[in-house]
Amino acid sequence: MEKVLMKGNEALAEGALRAGCKAYFGYPITPSSEIAEYMARKLPDSDGVFLQAESEIAAINMVYGAASTGARVMTASSGPGISLKQEGISYIAEAELPCLIINISRGGPGLGGIQPAQSDYFQATRGGGHGDYHVMVLAPASVQEMMDFAIEGFELADKYRIPVMIMAEGTLGQMMEPIILREPVTKFYDKPWATTGCKGRKPNVITTLHLPPEELEQRNKHLKNKYDEIKSKEKRAEAFMVEDAELVLVAFGLMSRVAKKAVIEARKNGIKAGLIRPITLWPFPDQHIIEAAETAKIFVSLEINMGQMVEDIKLALNGRAKADFYGRIGVIPNPEEITKVVFGIAEREGL
Amino acid sequence: MAKGRVRFYSDRCKACELCIKFCPKGALGLDKKNINALGYHPATVVDPERCTGCGTCALMCPDLVIEVERE
Amino acid sequence: MKVVAKRPESLYYKKFHYCPGCTHGIIHRIIAECIDEMELREKTIGVCPVGCGVLAYEYFNCDMLEAAHGRAPAIATGIKRMLQDNFVFTYQGDGDLASIGMAEIVHASARGENITVIFINNTIYGMTGGQMAPTTLIGQVTTTSPYGRRPELTGYPIRMAELLATNEGSAYICRTSVHNPAHVLKTKKAIKKAIQTQMEKKGFSMVEILSTCPTNWGMNPIEALERVEREMIPYFPLGEFKVKE
Ligand SMILES: Cc1ncc(C[n+]2csc(CCOP(=O)(O)OP(=O)(O)O)c2C)c(N)n1
Ligand code: SF4
Ligand code: SF4
Ligand code: SF4
Ligand SMILES: [Mg+2]
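### So, the interface of chain A and chain C
Buried accessible area, meaning the area lost when the parts come together, often serves as the stated size of an interface. At the interface, 37 residues of chain A touch 33 residues of chain C. Here chain A and chain C share an interface that buries about 2,500 Å² over both sides, 64% of which is from carbon and sulfur atoms. If you look at where chain A meets chain C, you find 4 salt bridges. Ionic pairing is found between Lys199(A) and Glu42(C), a salt bridge with its closest N-O pair at 3.8 Å. Elements with a contribution of two residues or more to the side of chain A that touches chain C: β2 (23-26), β3 (49-52), α3 (56-68), α4 (79-95) and β10 (205-206) of chain A. Counting residues per element, the side of chain A that touches chain C draws most heavily on α3(A), at 8 residues. Class assignment of the residues belonging to the side of chain A that touches chain C gives a composition of 19 nonpolar, 12 polar and 6 charged.

As structure tokens, then:
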């Protein structure tokens, strides 16, 4: 197997190409721009389309149009741009158009900064735009996963006709790691709903307008059923040393790698610590939390924001155990800092 | 004999009178004796003999009410 | 006897929801006639606006999409870039195209996007009940310019055809009207030319059509047609503004 050194953003772009991505529409923004630049270089080789749009609003609507033809298509951005895309994402979710949306995230609110952050967790997991909908959210923690989740993301998008978002901290987009290049995808989905011209069939219509109240409710129920199916089948998390853990750290993305080191350090010092790393942020892997609560007395959400995922942990726990939070913004804390936090909480809780 | 023949799908008519206004022969008018399902007095041919089948009424009708035939 | 006028195949028989005498209906029909005559129905993909034309997908007998307000040109771009041999058109009102969707239309034109835009300029927001549009004429009373549009408050109506004609990427830009039979025929010709422009891959094409909104203008349909001639055409002159050979 071929192993190469790649930057996170480029690995993601290469993964998308290997998944058969036929078009990229985007507007430049740090720290996501390498994805666009990689696509601009490579897409012409496979007769694909790269187009720099006039704005993120236009870009996401180009995705809407291109996805409606049945092609695998994507866009990438960061905080301020992802905010502009929300209108389009709401429409895409209702129209059930599969596509991949990347948030190489930075800190907000407002223009914020370009340092790593996970402050778009609420926006990503609650839908983000108007209306009752969700996008699937995958959170990679390594450059390898940047590639793998791009492939997986397109697969899930087509399977469920849902926009899939990959959310990674800017640092993960920028850093380099050796990775195994995945084989190109060769099996694709039939899309009889696509608007490609009605030759040989009845015309297809893609709309999100449902004026009769019964019809609107029906659509919302249909979406809810789909979301329930996804919740029952696609929740993913990595569990590390949780079997007997009394103190469970919960962290996603790069933060989970730091947390893992802190767990090892805590174990060396006799603290029964463990880690749950949500891979799907939506659907949130609450089952993993509930199972860990059989032994755990306290869960500590580690986030690069001011406390967002901790709410999902509390919802999952529903009183079964305590939930605490530690977060920074603009920096990824080092293992020593987190170890100290863990020691402090363990002492306080008498663990 | 009239050279043209117009046919009205009266259930679609909204009585906007554009056909009546633009018929060069004054062959059309509203049928005040009838009310269609949309609640309008639909347009109709009042003087079929005058119709030349020029198609102007259908050209100006916004609601695809009129079909025109010509010799 | 031979049939001189009947429903085009590219429209379903479904009744339009438009108000009596609203020229949206005339324009729908002539677009459909052009698609029929050019045998493009099975290759056509249309994108509807948010505005009174929002339900046009229920009338056109071909593949159709509904866009977010103003975004139709971006959606059409996405479609056309994937399906370069299809016929892709948008149908947009003045609020949709010249206000909220200004960026999308200007850039689609600047890119020479090979799509056809049918722009319905009725100088008002019809669907939402008659508010001021970017094309509302000076002095025109709307629900949000109740004392008449005053340039010192809200500036001047935008002439989209002229504006887009300055873009190199625009291949065919024309303004027409449907206020009488001769102009309906001219509009049909212009739409055909716009479609031809796209099928020959020459670049962006738009037909701006002066249209009526009898309901929100507070006029009967015939008075509304007269207003087009009397008030609109002097400010929005008809003609071709760009024809790329
Ligand atoms: C983002 C957003 N803002 C506002 C609206 C409300 N809205 C619907 S149609 C419309 C204006 C339509 O006017 P125009 O484009 O001129 O079309 P017309 O109805 O006159 O044909 C507005 C403001 C909306 N649907 N979406
Ligand atoms: S076809 Fe011509 S003459 Fe006949 S009714 Fe229509 S407009 Fe009048
Ligand atoms: S133009 Fe059409 S809708 Fe209007 S009155 Fe005549 S037939 Fe009826
Ligand atoms: S509101 Fe105006 S533009 Fe809309 S259908 Fe009625 S007359 Fe036509
Ligand atoms: Mg309007």
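### Brief notes about the nonpolar core
Of all hydrophobic cores here, the largest spans 126 residues; its most connected members are Met74(A), Phe299(A) and Met206(C). The two domains that each donate at least three residues to this core are domain 1 (3-233) and domain 2 (237-349) of chain A. Ignoring sequence-local partners within four residues, the contact set of Met74(A) consists of Leu12(A), Ala16(A), Cys21(A), Ala23(A), Tyr24(A), Phe25(A), Ile35(A), Met39(A), Val63(A), Leu100(A), Ile102(A) and Phe154(A). Membership of the second largest hydrophobic core comes to 45 residues, among which are Leu59(B), Tyr57(C), Tyr59(C) and Ala194(C).

### Let's talk about the site of ligand 3
Near ligand 3 you find Phe8(B), Cys13(B), Lys14(B), Ala15(B), Cys16(B), Glu17(B), Cys19(B), Ala43(B), Cys61(B), Pro62(B), Val65(B) and Ile66(B), and these make up its full shell. Partitioned by chemical class, the residues of the shell around ligand 3 number 10 nonpolar, no polar and 2 charged.

### Some points on the coordination of the magnesium ion (ligand 5)
Around a metal, the ideal angle is 109.5 degrees if four donors adopt a tetrahedral arrangement and 90 or 180 degrees if six donors adopt an octahedral arrangement. All names here are of chain C. Protein coordination at the magnesium ion (ligand 5): the donors are Asp94 (OD), Asn122 (OD1) and Ile124 (O), at 2.1 to 2.7 Å from the metal. Within one chain, the residues serving as donors to the magnesium ion (ligand 5) are arranged as D-x27-N-x1-I. Accessibility expressed as a relative area gives 2% for Ile124, which makes it buried.

### Considerations on the sheet that holds strand β8 (residues 239-243) of chain C
Two orientations exist for strands paired in a sheet by backbone hydrogen bonds: parallel and antiparallel. Strand order in the open sheet formed by 8 strands is β10(A)-β3(C)-β2(C)-β4(C)-β5(C)-β7(C)-β6(C)-β8(C), with mixed pairing between adjacent strands. Here the strands that pair on one side only, and so sit at the sheet edges, are β10 of chain A together with β8 of chain C. Relative to strand β7 (residues 204-210) of chain C, strand β6 (residues 170-177) of chain C runs parallel, the two being bridged by 7 bridges. Note on β7(C): the bridge partner recorded for Ser177(C) is Leu210(C). Against the sheet, helix α7 (residues 181-199) of chain C engages β4 (87-93), β5 (116-121), β6, β7 and β8 of chain C, with an angle of about 165 degrees to β6(C).

### Brief notes about the domain arrangement of chain A
Residues and elements named next belong to chain A. Taken domain by domain, chain A holds domain 1 (3-233) and domain 2 (237-349). Look at where the C-alpha atoms of domain 1 and domain 2 centre, and you get two points 28 Å apart. Residue-level contacts link 30 residues of domain 1 with 27 residues of domain 2. Buried surface at the junction of domain 1 and domain 2, summed over both partners, amounts to about 2,300 Å²; 60% is from carbon and sulfur atoms. Residue Arg126 pairs with Asp312 through a salt bridge whose shortest N-O separation is 2.8 Å. Those elements that place two or more of their residues in the side of domain 1 that touches domain 2 are β6 (113-116), α5 (121-125), β7 (136-138), α6 (143-160), β8 (163-169), α7 (170-174) and α8 (213-234). Each residue belonging to the side of domain 1 that touches domain 2 can be placed in one class, and the counts come to 17 nonpolar, 7 polar and 6 charged.

Rules behind the numbers
Residues numbered from 1 in each chain as written. Chains lettered and ligands numbered in written order. Predicted model: local features only at pLDDT ≥ 70, side-chain atom pairs only at ≥ 80, totals over all residues. Heavy atoms only, no water. Contact = heavy atoms within 4.5 Å. Buried area = accessible area lost by both parts, 1.4 Å probe. Salt bridge = Lys/Arg side-chain N within 4 Å of Asp/Glu carboxyl O. Helix = DSSP H or I, 4+ residues; strand = E, 2+ residues; numbered from the N terminus. Nonpolar A, V, L, I, M, F, W, Y, C, P; charged D, E, K, R; others polar. Core = buried A, V, L, I, M, F, W, Y, C linked by side-chain atoms within 4.5 Å. Buried < 20%, exposed > 50% of the residue type's maximum accessible area, 1.4 Å probe, protein only. Domains from an automatic or database assignment. Near = heavy atom within 4 Å. Donors = N, O, S within 2.8 Å, 3.2 Å for Na, K, Ca; no water. Pairing = 2+ DSSP bridges. Axes fitted to C-alpha atoms, helices over the stretch in contact; angles between N-to-C directions.

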